[in-house]
Amino acid sequence: MYDLPIFQVDAFTNATFGGNPACVVPLEEGFADDDVLLKIAQENHVAETAFFVRRSQGDYDDDDDENDEDFDYHLRWFTPEFEMDLCGHATLAAAHVLRAHLGHGSFPIRFQTASGPLAVDYQQDGGGWYHLDFPSRRPQPAELPDIISQALSHGPRIVLKARDYVLVY
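Residues numbered from 1 in each chain as written. Predicted model: local features only at pLDDT ≥ 70, side-chain atom pairs only at ≥ 80, totals over all residues. Heavy atoms only, no water.

A. Highlighting helix α1 (residues 34-44). Three or more residues of α1 are buried, namely V36, L37, I40, A41 and N44. The arc that holds the buried residues of α1, viewed along the axis, is 140°, so those residues lie on one side. For α1, the exposed residues lying more than 90 degrees away from the buried face are K39 and E43. In this structure, the buried residues of α1 make contact with β2 (20-27), β3 (49-54) and β4 (73-78). At the exit of α1 stands H45, carrying a positive phi of roughly 55°. (Buried < 20%, exposed > 50% of the residue type's maximum accessible area, 1.4 Å probe, protein only. Helix = DSSP H or I, 4+ residues; strand = E, 2+ residues; numbered from the N terminus. Arc of directions from axis to C-beta. Contact = heavy atoms within 4.5 Å.)

B. Inspection of the pairing of β2 at higher detail. Within β2, six of the eight residues are buried, leaving the element largely enclosed by the surrounding structure. Sheet topology note: the strand β1 (residues 7-11)/β2 ladder contains five bridges and is antiparallel. Each residue of the ladder has a partner; that of V9, found in β2, is A22. Two strands pair when backbone bridges link them, and β2 and β3 are joined in this way by five bridges, in the parallel orientation. (Pairing = 2+ DSSP bridges.)

Below, the structure is given as structure tokens:
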């Protein structure tokens, strides 16, 4: 049985029940198995649940990371169906939980993620603002898959793809 703190944060708003909700689960003893993280996300039943582990907890093995010293936390995101490789509002929610509830006072907070390093900064002026600089995913020309083509009433002029498809009409 797991006894974990779970925070629900409404991103992009200062109003309760507004914005875009995300759950945030700080993990003190490293990441649980993926199926456990998925079940927690399913039970939370929001678009994304963010899980983070402090870098010094060290059970995260990422041999491809050349900048292992350049981040504070490992961060992962799960929908109720699968793990995501990038989620902006849940990243901002994780930074908010670290600052407002867990006493993390230095910024930027640096996360290592499946999409590479992400940094969230915080500006106190104007009521407090979080700033996240996303990695660039330049779309490339692509063929439209039949399953998408069949769902459209007419075809796009241009089809591009990065992680997601971009259709230009």
